[in-house]
Amino acid sequence: MPSIEFSADKRDIFFTLFEQIGVKEVLSAEAFQHLDEETLQMTLEEGIRFATEVLGPHNRVWDVDGAHHKEGRVRLPASFHKVYKQYIENGWNGLIANPEYGGQGFPELFGVAVKEVHTGANTSFSLLPMLTNGTSHLIEAFGTEEMKKTYCEKMYTGVWGGTMCLTEPQAGSDVGALKTTAVPQGDHYLIKGTKIFITCGDQDATENIVHAVLARLPNAPQGSKGISLFLVPTRFVNPDGSLGAHNDLECARIEEKMGIHGSPTCVMNFGENDQCKGWLLGEANQGMACMFQMMNEARLGVGVQGLASGAAAYLSALGYAIQRRQGADPKNFKDPNAPRAEIIKHPDIRRMLLTMKAYVEGIRSTIYHTGLYIDLSKNHKDPEQRKFYHLLVELLTPICKAYGSDMGFKVCDMAVQTYGGYGYTQDYPVEQYLRDVKIAAIYEGTNGIQAIDLLSRKLGTLDGLRFTTWMTLVDKTLAPLSNHPLQGLVAQVKAAQKQLQESTLVLQQQMRKGNLNHGLLNATTYLEMFGNFCAAFYLTHAATIAHDQLQKHIEKAHATTPEALQDLLRKNNEAAFYHAKICTARFFNDRLLTNNHAIAATILSTDDSAIDILFADEQEIHS
């Protein structure tokens, strides 16, 4: 029976990894010759155990206790340190990292799955490893050999932490407006400025914290083209690898937030005494290009956060709906003496549960496939195939981030609604999932920015090659399914594909004509349309696989009548799982994919009311 407290959907995770995607192609790459399918399965089993037995029980505790800023330092909840020590000793921090620097060398696809269960169990905890790995990867990609030798292993193994420092009070998401400076001083630079919203900018779980800081050199070009990236350690590292003096940087305060209370969000001051030392990472004035590597990794991670919170909230709501008795069974609703029924028997509850399940499984498959494409873009033997998958990764990253976090929040909201009044209280976990996941639509580039990036950069450059590459993949996948017993679902996806192509063409034509407002007004809903299509595509593909497996169970049990099939589903968990996959795809295509019709209509509309309106008091900013 599903648990009200955290649990992971092991069966669907394993299905997506090992039955729908398959790992043979990934494991054939030279980089993964030290792994096999059995090792992946055993490691994932252990990852789920760590999430449910270690991380999950601390989620509410850290939400209540929170991080605190005392005497110039950030203090994490008391039990955080023991859990983190166990986490890094088990090798989870460097699971997908380069073995040359202490990593385990697992595929990105597999790392995404482990990240889902760990993040779902405890979002506050998961942010420290995510930022640390991203910063270390930056150093590995753009640092000198000395930097790599000094920092990468310590960070990949979790002994030292890492952050990305972009945002400033006056700039917000407009990173090009930053004012932090970097002045050459011998073999280093003096960094001076203030950064805000820095996740784990200070914490007491690691011995050192290494910051990736964006700053502007003297006489650098204005805007984002004049930004450089710097490595700024909290403590200097001596030639023998030991830690030296403290750098001139400090956490001024931490934010009081809606959620993720166990993760400190810091205001960081660099160079208050004009002695903050940093070292250039990559080329001068190329900081944004370098940082985008880390940001794109983080954006996929944030999409996983949306998936993870939604998955945890759905399973909690399912567990509650199975246990909670309220009202009579609808078939006995006129009988005042009828026994109280479990609320899962009420059609509206079932609608909400299946909506949650459909979004979660559609997002899971979309993000996991994107993890697969990352692996193939780096490790496929054919250079042309590496380019092919790289284009897919570029296209799907903003969709994973924005759609994953938006729909993850929607699922959490629906989970609260399923609980009713109890869902609004802290007696149950779903209200925390809702609070913790909201930030995912905001940081690493707001979802509005992701939508603009999708429309302007991912579709508007390379003559639309990323989009046509995606359509090629879709056509290749659907072609063998045209005569499948579930061809009705396949036909729905093909119709949605055509609708997406037509809507994309309209937006591109309007943008080329210089009608930027039309594109910008429709960007967010267009991304939702794209995300809906991705979910329907992968859910339908999964359903065809499930159908074929279900048929084997039906034939073995000779379940040739509807009554016999229902009996099979009650007694055979595997048959019930495959049947549920088919129901989920059918529900999504019939009830959720249809939202794309309304979005397509808005894209065809010439309405500019949002531009034309003058809001109350807005005239003051125009005067």
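Summary of the structure given here. Because the structure is a prediction, the values reported are computed rather than measured. (Residues numbered from 1 in each chain as written. Predicted model: local features only at pLDDT ≥ 70, side-chain atom pairs only at ≥ 80, totals over all residues. Heavy atoms only, no water.)

## Observations concerning the overall build of the protein chain
Right, on to step 1. A count of helical and extended segments in the protein chain gives 21 helices and 14 strands.
Right, on to step 2. Relative to its length of 623 residues, the protein chain is compact, with a C-alpha radius of gyration of 25 Å against a globular reference of 25 Å.
Right, on to step 3. Over its C-alpha atoms, taken along the principal directions, the protein chain stretches across nearly 80 × 60 × 60 Å.
Right, on to step 4. Evaluated residue by residue, the protein chain yields a buried proportion of 56% over its 623 residues.
Right, on to step 5. In the protein chain, once contacts between residues fewer than 6 apart in sequence are set aside, the share between residues at least 24 apart is 74%.
Right, on to step 6. Distance from the positive charge centre (57 side chains) to the negative charge centre (70 side chains) of the protein chain: 4 Å. (Helix = DSSP H or I, 4+ residues; strand = E, 2+ residues; numbered from the N terminus. Rg over C-alpha atoms; globule rule 2.2 N^0.38 Å. Buried < 20%, exposed > 50% of the residue type's maximum accessible area, 1.4 Å probe, protein only. Contact = heavy atoms within 4.5 Å. Lys, Arg positive; Asp, Glu negative; His and termini not counted. Charge placed at Lys NZ, Arg CZ, Asp CG, Glu CD.)

## As for the packing of helix α15 (residues 487–512) against helix α16 (residues 516–557)
Right, on to step 1. As a packed pair, α15 and α16 sit with axes 10 Å apart at the nearest point and diverge in direction by 160°. By the angle between their directions, the pair α15 and α16 is classed as roughly antiparallel. The chirality of how α15 crosses α16 is left-handed.
Right, on to step 2. Counted by class, the contact of α15 with α16 contains 16 nonpolar, 10 polar and no charged residues. (Axes fitted to C-alpha atoms, helices over the stretch in contact; angles between N-to-C directions. Parallel < 35°, antiparallel > 145°, perpendicular 65-115°, else oblique. Left-handed = near helix turned anticlockwise from the far one by under 90°. Nonpolar A, V, L, I, M, F, W, Y, C, P; charged D, E, K, R; others polar.)

## Side note on the packing of aromatic side chains
Right, on to step 1. Under the counting rule described, the total for this entry stands at 32 aromatic pairs.
Right, on to step 2. Between the aromatic rings of Tyr359 and Phe588, the centroid separation amounts to 5.8 Å while the plane-to-plane angle is 90°, which identifies the pairing as edge-to-face. Linking Tyr359 in helix α10 (residues 347–379) with Phe588 in helix α18 (residues 573–592), this pair joins segments that are 229 residues apart in sequence.
Right, on to step 3. Given a relative accessible area of 0%, Phe588 falls into the buried group.
Right, on to step 4. Between the aromatic rings of Phe577 and Tyr578, the centroid separation amounts to 5.5 Å while the plane-to-plane angle is 70°, which identifies the pairing as edge-to-face.
Right, on to step 5. On the accessibility criterion, Phe577 (12% relative accessible area) is buried.
Right, on to step 6. When its relative accessible area of 4% is taken as the criterion, Tyr578 is described as buried.
Right, on to step 7. Members of the aromatic cluster, each reached through a chain of ring pairs, are Phe50, Trp62, Phe80, Tyr84, Tyr87, Trp92 and Phe125.
Right, on to step 8. The ring of Phe14 carries the charged tip of Lys10 above its face, separated from the ring centre by 5.6 Å. (Phe/Tyr/Trp six-rings, centres within 6.5 Å; stacked < 30°, edge-to-face > 60°. Lys NZ or Arg CZ within 6 Å of the ring centre and 35° of its normal.)

## Brief notes about the packing of helix α3 (residues 37–55) against helix α5 (residues 80–89)
Right, on to step 1. Relative orientation of the contacting elements α3 and α5 amounts to 165°, with a least axis distance of 12 Å. Between α3 and α5, the angle is such that the two are roughly antiparallel. The two elements α3 and α5 meet at a crossing, and its hand is right-handed. Contact residues: Phe50, Val54 and Leu55 in α3; Val83, Gln86 and Tyr87 in α5.
Right, on to step 2. Of the residues in the contact of α3 with α5, the class split is 5 nonpolar, 1 polar and no charged.

## Considering helix α19 (residues 595–604)
Right, on to step 1. Listing the buried residues of α19 in full gives Asn596, Ile599, Ala600 and Ile603. Along the axis of α19, the buried residues cluster in a sector spanning 100°; they form a single face. (Arc of directions from axis to C-beta.)

## Some thoughts on the nonpolar core
Right, on to step 1. Ranked by internal contacts, the top residues of the largest apolar core, which has 194 residues, are Met291, Trp470, Tyr526, Phe530 and Phe588.
Right, on to step 2. Ignoring anything within four residues of it in the chain, the contact list for Tyr526 reads Leu454, Leu455, Leu459, Phe467, Leu500, Thr504, Leu507, Ile599 and Ile603. (Core = buried A, V, L, I, M, F, W, Y, C linked by side-chain atoms within 4.5 Å.)

## Observations regarding the pattern of salt bridges
Right, on to step 1. A complete count under the given rule lists 30 salt bridges for this structure.
Right, on to step 2. Here Glu431 and Arg60 are joined by a salt bridge, their closest N and O atoms 2.8 Å apart. In this pair, Glu431 is assigned in helix α12 (residues 430–438) and Arg60 in helix α4 (residues 59–65), connecting sequence segments 371 residues apart.
Right, on to step 3. For Glu431, a relative accessible area of 9% puts it in the buried group.
Right, on to step 4. Taken together, the shared-partner salt bridges connect Asp12, Glu116, Lys357, Glu361, Arg364 and Lys581 into one network. (Salt bridge = Lys/Arg side-chain N within 4 Å of Asp/Glu carboxyl O.)

## As for the environment of Tyr428
Right, on to step 1. Its location among the elements puts Tyr428 in the loop between α11 (383–419) and α12.
Right, on to step 2. Considered as a pair, Tyr428 and Glu5 are 423 residues apart in the sequence and their alpha carbons are 7.8 Å apart.
Right, on to step 3. Contact partners of Tyr428, with chain neighbours within four places excluded, come to Ile4, Arg60, Tyr320, Tyr419 and Tyr422.

## Details of the layout of surface pockets
To find leftover empty space, a probe the size of one water molecule is rolled over the atoms.
Right, on to step 1. Taken as a whole, the second largest pocket spans an internal volume of roughly 1200 Å³.
Right, on to step 2. Those elements giving two or more residues to the lining of the second largest pocket turn out to be α1 (10–21), α9 (287–323), α10, α17 (562–571) and α18.
Right, on to step 3. The greatest single-element share of the lining of the second largest pocket, amounting to 9 residues, is contributed by α18.
Right, on to step 4. The residue inventory of the lining of the second largest pocket, partitioned by class, reads 17 nonpolar, 5 polar and 9 charged. (1 Å grid on protein atoms, 1.4 Å probe; cavity = no way out; pocket = protein on both sides within 12 Å on 5 of 7 lines; lining within 4 Å. Points joined across faces, edges and corners; volume = space filled by probe spheres on them.)

## A short note on α9
Right, on to step 1. Across its 37 residues, α9 extends 53 Å between first and last C-alpha, which sits within 8% of the 54 Å expected from 1.5 Å per residue.
Right, on to step 2. The axis of α9 is deflected most strongly, by about 30°, at Gln293. (Expected span 1.5 Å × (residues − 1). Bend = angle between axes of the 7 residues up to and from the residue.)

## As for the pairing of strand β6 (residues 208–216)
Right, on to step 1. β6 sits mainly inside the fold: 9 of its 9 residues count as buried.
Right, on to step 2. Covered by surrounding structure in β6 are Asn208, Val210, Ala212, Leu214 and Arg216 together with Ile209, His211, Val213 and Ala215, the residues of both alternating faces.
Right, on to step 3. Of the strand pairs in this sheet, strand β3 (residues 160–165) and β6 are connected by 6 bridges, and their pairing is parallel. In the strand pairing of β6, Gly162 is matched with Val210.
Right, on to step 4. In the sheet, β6 pairs with strand β7 (residues 227–233) via 7 bridges, with the strands oriented antiparallel. By the bridge assignment for β7, Ala212 is matched with Leu231. (Pairing = 2+ DSSP bridges.)

## Re unusual backbone geometry
Glycine aside, a negative phi is what most residues show, and trans is what most peptide bonds show.
Right, on to step 1. Despite not being glycine, Phe197 has its phi angle at roughly 60°, a positive value.
Right, on to step 2. Locating Phe197 in the fold gives a position in strand β5 (residues 188–199).
Right, on to step 3. With phi around 55°, Asp463 is a residue other than glycine that occupies positive phi space.
Right, on to step 4. By the element assignment, Asp463 lies in the loop between α13 (447–458) and α14 (465–478).

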